[in-house]
Amino acid sequence: MKVVSPSTMRELDRKAIEDMNVPGIVLMENAGREVALAVKRLWDEDPLKKKRKVVLFCGKGNNGGDGFVAARHLANMGFEPIIFLVAEPEAIKGDAAINYHIILNMDISVIIIESGEDLDKAREHCGDAAAIVDALFGTGLRGEVQGTGRQAIELINSLDVPVVAVDIPSGISGETGKVLGAAVRARETVTMALPKMGMVLYPGAAYAGKIIVADIGMPSSILKSVKAEAELLEKDQVAGLFKPYPPDAHKGTFGRVFILAGSAGMTGAAALCSLAAARSGAGLVTLGTPESLNDIMEAKITEVMTLALPETPQRSFSIKALGKALEFSSQCDAAAIGPGLSRQDETRDFIRQFVAACPVPMVIDADGLNALAEKPEILAGLKVPAIITPHPGEMARLLSTDAGAVQEDRVGAVREATKRFKCTALLKGARTMIAAPEGSLWINPTGNPGMATGGSGDVLTGIIAAFLARGMEPWEAAAAGAYIHGLAGDLAAAAKGEISLIASDLLDFLPEAFSKFEARSSNTQPIDG
Ligand SMILES: NC(=O)C1=CN([C@@H]2O[C@H](COP(=O)(O)OP(=O)(O)OC[C@H]3O[C@@H](n4cnc5c(N)ncnc54)[C@H](OP(=O)(O)O)[C@@H]3O)[C@@H](O)[C@H]2O)[C@@H](O)CC1
Ligand SMILES: Nc1ncnc2c1ncn2[C@@H]1O[C@H](COP(=O)(O)OP(=O)(O)O)[C@@H](O)[C@H]1O
Ligand SMILES: [K+]
């Protein structure tokens, strides 16, 4: 599903209104009606609730205009709307003003909020409301919210009443998802035509609650042609990346994966990564391992073959492993390098030379990335497709910045990485994002904080390697990998809770994740279209 910034959305509105002559007031009518229907659905879900009062906080812009329309429809549905207008009536303009005057003609109560004292009085009205509609600020918000607007947001958040936000929770930047001073915590957000970046990225995503994408009559040709800022991965899109297994499939059909992972003290990373590849449909998986760890690895993992390679005195890969590793990789369809390799100097040289000469598509993670941080030109010079999968700390080392700066602008960081290193970049963390060199950006909605546990990134690397080996394009392998990895994490968290979740649980829940996929029956999406 396409995700847009406020400026792109404004351009879409302009095209609909000016180029295609869809009256703006028609769009506003549809928007407000969808909000009223969302409130009605919430009310219907709670049969014990007899209250019919709905409090609508409206600003002076078009977001407030949507609120006036919603109030009218709510009144027609038998609710008792009250509008708190957090603006001077004279400041309301255009379509919003037309709808404001209809509200006055309908004798719907309007209370004008000019000060903190007015808000104190408003509080008394809110306690027995069935729902609150937040129509203070939409995509027109610029800069920090101050004054009565901010106090109104704080009032809404202090009440124990479900909130339906109009278009985007007031106070959230539609562009970045940041809280601009204060923001409304909504149960649901009815967003117009397309979701906005700010409700897909954190922290905005947490404020938006459930997202309902409302059809407001925007011509479909405009929606189809829009160059969106990003795509939110959806189950059907990911499912489409898996071609069905031919009935006469054999283990060569789905590709051979070569994994270079592990060192003394980090054999678990190697086991998790290679088993994840095996669980993700790779035909044959071979783990290259420092030779003295070979017996341990053979005992740890049954379905994966091992290739013992020369090692350093610290039992990590030695530069002497290079020839054999490269030769073996040439018989494979994809490689993965990085989990648990250590930061030994000699191992770092091995990694650099292996990556530079590897003849097959590869995914590079963890210590693989650390080895390349000072030599990023190796990545940019590769002749084979590569995917890098840094967490924010690794991304910071690659971009010579700090993790805080990466998290501050995750979209900017992942775009910069793909541009600078000329490969597909996947930035891990809540809302993992994948950027491809030609400019596209995908955002993954699956996953949960329980996955922030040692080794879960190693599982992701193995999954992606298996998908590369079966012939997916790098962006496809990265996107499908992130989605299914997060889905396995969500299933594991549902069964075991987030606190106890460990990385091997992800392996255990991969089969269920894949089976949900093949059946295409469950809905893991946080977004209803
Ligand atoms: N266009 C269309 O056709 C359609 C649009 N639709 C709806 O319109 C919404 C966009 O409407 P919008 O552009 O009027 O702005 P909106 O979000 O209501 O709020 C901005 C208002 O707040 C003010 N303000 C800004 N920053 C501020 C701050 N920091 N602190 C305090 N005040 C601040 C700013 O005032 P100003 O500073 O400009 O005087 C302005 O008046 C969109 O989200 C969707 O819901 C739908 O109906 C479909 C059709
Ligand atoms: N809050 C979260 N929501 C979704 N996914 C998460 C969250 N926290 C962590 N993850 C995922 O868990 C994995 C952690 O990987 P990583 O940071 O490399 O850890 P490790 O190196 O221990 O394996 C990543 O895929 C990341 O996206
Ligand atoms: K709003």
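Residues numbered from 1 in each chain as written. Chains lettered and ligands numbered in written order. Predicted model: local features only at pLDDT ≥ 70, side-chain atom pairs only at ≥ 80, totals over all residues. Heavy atoms only, no water.

### Topic: the packing of aromatic side chains
For any pair of aromatic rings, the description rests on two quantities: the centre-to-centre distance and the angle between the ring planes.
Okay, step 1: Per the stated rule, a full pass over the model turns up ten aromatic pairs.
Okay, step 2: In this structure an aromatic cluster arises from ring pairing among Phe242, Phe467 and Phe514.
Okay, step 3: Sitting over the face of the ring of Trp43, Arg52 holds its NZ or CZ atom 4.3 Å from the ring centroid. (Phe/Tyr/Trp six-rings, centres within 6.5 Å; stacked < 30°, edge-to-face > 60°. Lys NZ or Arg CZ within 6 Å of the ring centre and 35° of its normal.)

### What about the site of ligand 1?
Okay, step 1: Among the 20 residues in the neighbourhood of ligand 1, the closest are listed as Asn63, Asp66, Gly138, Arg142 and Asp167.
Okay, step 2: Here Asp13 contributes a side-chain N or O atom positioned 3.3 Å from a nitrogen atom of ligand 1.
Okay, step 3: Here ligand 1, which alone exposes 940 Å², has 75% of that area covered by the protein.
Okay, step 4: Where the shell around ligand 1 is concerned, the elements lending two or more residues are helix H1 (6-19), helix H2 (24-45) and helix H3 (62-76).
Okay, step 5: A per-element tally of the shell around ligand 1 places H3 first, with three residues. (Near = heavy atom within 4 Å. Polar contact = N/O pair within 3.5 Å; in protein donor to acceptor, adjacent residues only side chain to side chain. Areas by Shrake-Rupley, 256 points an atom, 1.4 Å probe, with all protein chains shown as cover. Helix = DSSP H or I, 4+ residues; strand = E, 2+ residues; numbered from the N terminus.)

### A closer look at the confidence of the model for the chain
Okay, step 1: On average, residues of the chain score 94 in pLDDT, and 98% of them reach the 70 mark or higher.
Okay, step 2: Of the regions scoring below 50 in pLDDT, residues 519-525 engages in 17 contacts with residues more than four places distant in sequence or in other chains. (pLDDT = per-residue confidence, 0-100. Contact = heavy atoms within 4.5 Å.)

### Looking at a positive patch on the surface
Okay, step 1: On the surface, a cluster of positive charge is contributed by Arg10, Lys60, Lys93 and Arg142.
Okay, step 2: Topologically, Lys60 is positioned in the loop between strand E2 (53-58) and H3. (Patch = residues over 30% accessible without salt bridge, like charges linked within 9 Å, V, L, I, M, F, W, Y side chains within 5 Å. Salt bridge = Lys/Arg side-chain N within 4 Å of Asp/Glu carboxyl O. Lys, Arg positive; Asp, Glu negative; His and termini not counted. Charge placed at Lys NZ, Arg CZ, Asp CG, Glu CD.)

### Comments concerning the coordination of the potassium ion (ligand 3)
Okay, step 1: Taken together, the protein donors to the potassium ion (ligand 3) comprise Asn63 (OD1), Asp134 (O), Phe137 (O), Val166 (O), Ile168 (O) and Ser170 (OG), at separations of 2.6 to 3.1 Å.
Okay, step 2: For the potassium ion (ligand 3), the six donor atoms in the first shell make angles of 65 to 173 degrees at the metal, a pattern classed as irregular.
Okay, step 3: According to the relative accessible area criterion, Asp134 is buried, its value standing at 0%. (Donors = N, O, S within 2.8 Å, 3.2 Å for Na, K, Ca; no water. Tetrahedral: all angles 85-135°; square planar, octahedral: opposite > 155°, others 65-115°. Buried < 20%, exposed > 50% of the residue type's maximum accessible area, 1.4 Å probe, protein only.)

### Notes on the site of ligand 2
Okay, step 1: For ligand 2, the set of nearby residues contains 18 residues, the closest of which are Lys428, Gly429, Thr432, Gly455 and Gly457.
Okay, step 2: Between Gly429 and ligand 2, the recorded distance is 2.8 Å, taken from a backbone N or O atom to an oxygen atom.
Okay, step 3: The separation between an oxygen atom of ligand 2 and a polar main-chain atom of Met451 is 3.2 Å.
Okay, step 4: The fraction of the free accessible surface of ligand 2 (570 Å²) that becomes covered by protein chains is 78%.
Okay, step 5: When residues in the shell around ligand 2 are grouped by element, the largest group, four residues, is from helix H20 (residues 456-469).
Okay, step 6: For the shell around ligand 2, a count of residues per class yields five nonpolar, eleven polar and two charged. (Nonpolar A, V, L, I, M, F, W, Y, C, P; charged D, E, K, R; others polar.)

### A short note on the pattern of salt bridges
Okay, step 1: All chains considered together, the criterion is met by 17 salt bridges.
Okay, step 2: We note a salt bridge from Asp19 to Arg14, for which the minimum N-O separation is 3.4 Å.
Okay, step 3: Asp19 sits in the partly exposed class, given a relative accessible area of 48%.
Okay, step 4: When its relative accessible area of 29% is taken as the criterion, Arg14 is described as partly exposed.
Okay, step 5: Each of Glu11, Arg14, Glu18 and Asp19 takes part in salt bridges that share partners, so that together they form one network.

### Remarks on the domain arrangement of the chain
Okay, step 1: Split by domain assignment, the chain resolves into domain 1 (2-225) and domain 2 (235-519).
Okay, step 2: Placing the centre of domain 1 and that of domain 2 at their C-alpha centroids yields a distance of 42 Å.
Okay, step 3: The partner domain 2 presents seven residues to the six residues of domain 1 that form the contact.
Okay, step 4: Of the roughly 520 Å² buried where domain 1 meets domain 2, counting both sides, 70% is carbon and sulfur surface.
Okay, step 5: Here domain 1 and domain 2 share one salt bridge between them.
Okay, step 6: For Lys178, the salt bridge is made with Glu408, and the minimal N-O distance between the two is 3.4 Å. (Domains from an automatic or database assignment. Buried area = accessible area lost by both parts, 1.4 Å probe.)

### A word on unusual backbone geometry
Okay, step 1: Cis peptide bonds are those with omega within 30 degrees of zero, and the linkage from Tyr202 to Pro203 qualifies with 5 degrees.
Okay, step 2: Topologically, Pro203 is positioned in the loop between helix H7 (197-200) and helix H8 (204-208).
Okay, step 3: The residue Asp167 is not glycine, and still its phi comes out positive at about 70 degrees.
Okay, step 4: Along the chain, Asp167 falls in the loop between strand E6 (163-166) and strand E7 (188-192).

### Observations concerning the packing of helix H17 (residues 392-399) against helix H19 (residues 410-421)
Okay, step 1: Two elements in contact, H17 and H19, have axes whose closest approach is 11 Å; the angle formed by their N-to-C orientations is 50 degrees. Between H17 and H19, the angle falls in the class oblique. Crossing hand, H17 versus H19: left-handed. Seen from H17, the contacting residues are Pro392, Met395, Leu398 and Leu399; seen from H19, they are Arg410, Ala413, Val414, Glu416, Ala417, Arg420 and Phe421.
Okay, step 2: Within the contact of H17 with H19, the residues separate by chemical class into eight nonpolar, no polar and three charged. (Axes fitted to C-alpha atoms, helices over the stretch in contact; angles between N-to-C directions. Parallel < 35°, antiparallel > 145°, perpendicular 65-115°, else oblique. Left-handed = near helix turned anticlockwise from the far one by under 90°.)

### Re the UniProt feature "binding site: K(+)" (unreviewed entry) in the chain
Okay, step 1: Under the feature "binding site: K(+)" (unreviewed entry), the UniProt entry names Asn63, Asp134 and Ser170. Considering the C-alpha atoms alone, the annotated residues occupy 108 residues of sequence yet fold into one spot, their largest mutual distance being 9.4 Å.
Okay, step 2: By secondary structure assignment, the location of Asn63 is in helix H3.
Okay, step 3: Among residues more than four places away in sequence, those in contact with Asn63 are Asp134, Ala135, Leu136, Phe137, Gly138, Val166 and Asp167.
Okay, step 4: Relative to the elements of secondary structure, Ser170 occurs in the loop between E6 and E7.
Okay, step 5: Excluding residues within four positions of it along the chain, Ser170 makes contact with Asp134, Leu136, Phe137, Ile153, Ala182, Ala183 and Val184. (UniProt positions renumbered as here; feature names shortened; annotations may be inferred.)

### Notes on the pairing of strand E16 (residues 424-427)
Okay, step 1: Going residue by residue along E16, you find Thr424 and Leu426 tucked away on one face and Ala425 and Leu427 tucked away on the opposite face as well.
Okay, step 2: One ladder, built from two bridges, connects strand E15 (residues 386-388) with E16; its direction is parallel. Each residue of the ladder has a partner; that of Ile387, found in E16, is Thr424.
Okay, step 3: Pairing of E16 with strand E17 (residues 433-435) involves three bridges; the strand directions are antiparallel. Each residue of the ladder has a partner; that of Leu427, found in E17, is Met433.
Okay, step 4: The hairpin formed by E16 and E17 contains five residues between the paired strands, and Gly429 there has a positive phi angle of roughly 115 degrees. (Pairing = 2+ DSSP bridges.)

### Describing the UniProt feature "domain: YjeF C-terminal" (unreviewed entry) in the chain
Okay, step 1: Per the UniProt record, "domain: YjeF C-terminal" (unreviewed entry) is found at residues 234-517.
Okay, step 2: The distance separating the terminal C-alpha atoms of residues 234-517 is 11 Å; by composition the span is 48% helix and 13% strand.

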